[in-house]
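Coordinate analysis (summary)
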Amino acid sequence: IPAGVFPADELDALLLRGERVSGLVISIGINDYEQLKNHTPKGATEPLSASVERLIESFVRSKTFASMRGEDEFVLVDPDLSGPLAQRRLNEISERLWDFQLRNLGHFSVVFAWGAQEAHGETLVEALEAARERMLETRANRRNSSFEKSLRRLATA
């Protein structure tokens, strides 16, 4: 798997080829992206997209693969990370996602959900699907939480 930031078609090609991966696979989604897009004033959507893309790009290290998957989902693959190193990396990314959400409350109420899978030689498709399932579970749990509702209220106040 190549290192760097790639367009979605490169991710699609890797998935189609059945590439195998060992390491940390992370799926990061933006909750209620369509609603967020529709309620963001015209002209402010570009700064939102650019800010999120810069954030995701800031997660890229020397061996990291990063790509968008749709408008509201991003994929990171950190090969060869496992055990405590993988957990430390996920914690670092989680902290930075939380920080981004809180720092941007006054501008836009972006709320992330993320999930990860530690892969051990399985296909990228399998690892990404497991990470994505965890991200979707987090998304569903956070939608029902009072915390996300509070974030949305604060951002629109």
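Quick note: structure is the one above.
Within every chain, residues take consecutive numbers counted from 1 along the sequence as written. Restriction of local features to residues with pLDDT of at least 70 applies here, the model being predicted, together with a cutoff of 80 or more for giving and counting side-chain atom pairs; totals for whole chains, interfaces and linings are based on all residues. Think of the side-chain values as coming from all heavy atoms in the structure, minus any hydrogens and water.

By definition here, a salt bridge exists when the distance from a side-chain nitrogen of Lys or Arg to a carboxyl oxygen of Asp or Glu is within 4 Å. Summed over the entire model, instances satisfying the criterion amount to seven salt bridges. The closest approach of N and O atoms between aspartate 80 and lysine 63, which form a salt bridge, is 3.6 Å. Here lysine 63 lies in the loop between helix 3 (45–58) and strand 3 (65–68) and aspartate 80 lies in the loop between strand 4 (73–79) and helix 4 (83–103), a separation of 17 residues in the sequence. A salt bridge links glutamate 92 to arginine 89, with the shortest nitrogen-to-oxygen separation between them at 3.2 Å. Highlighted residues: glutamate 92 and arginine 89, both in helix 4, separated by three residues, approximately one helical turn. Strands are runs of DSSP state E lasting at least 2 residues, helices are runs of H or I lasting at least 4, and numbering of each runs from the N terminus.

Let's shift gears to the packing of aromatic side chains. What counts as a ring pair is set by centres within 6.5 Å for rings of Phe, Tyr and Trp (its six-membered ring), and what kind of pair is set by the plane angle: stacked under 30 degrees, edge-to-face over 60, tilted for all other angles. Within the structure shown, the criterion is met by three aromatic pairs. A centroid spacing of 5.7 Å and a plane angle of 55 degrees characterise the contact between phenylalanine 100 and phenylalanine 112, whose relative ring orientation is tilted. Of this pair, phenylalanine 100 sits in helix 4 while phenylalanine 112 sits in strand 5 (residues 112–123), placing them twelve residues apart in sequence. Note on exposure labels: buried denotes an accessible area under 20% of the residue type's maximum, exposed denotes more than 50%, and partly exposed covers the range between, all computed with a 1.4 Å probe on protein chains only. Classification of phenylalanine 100 as buried rests on a relative accessible area of 4%. Given a relative accessible area of 0%, phenylalanine 112 falls into the buried group.

On any regular strand, side chains alternate: one points to one face of the sheet, the next to the other face. A strand pair is defined by DSSP finding two or more bridges across the two strands. As paired elements, strand 1 (residues 4–6) and strand 3 share three bridges and run parallel to each other. Each bridged residue has a counterpart across the sheet, and for phenylalanine 6 the counterpart in strand 3 is serine 67. Strand direction decides the pairing type here: strand 3 and strand 4, joined by four bridges, are antiparallel. Looking across to strand 4, one finds that methionine 68 is bridged to phenylalanine 74. Linking two consecutive strands that pair antiparallel, namely strand 3 and strand 4, is a turn of four residues; a positive phi of about 85 degrees is found at glycine 70 within it.

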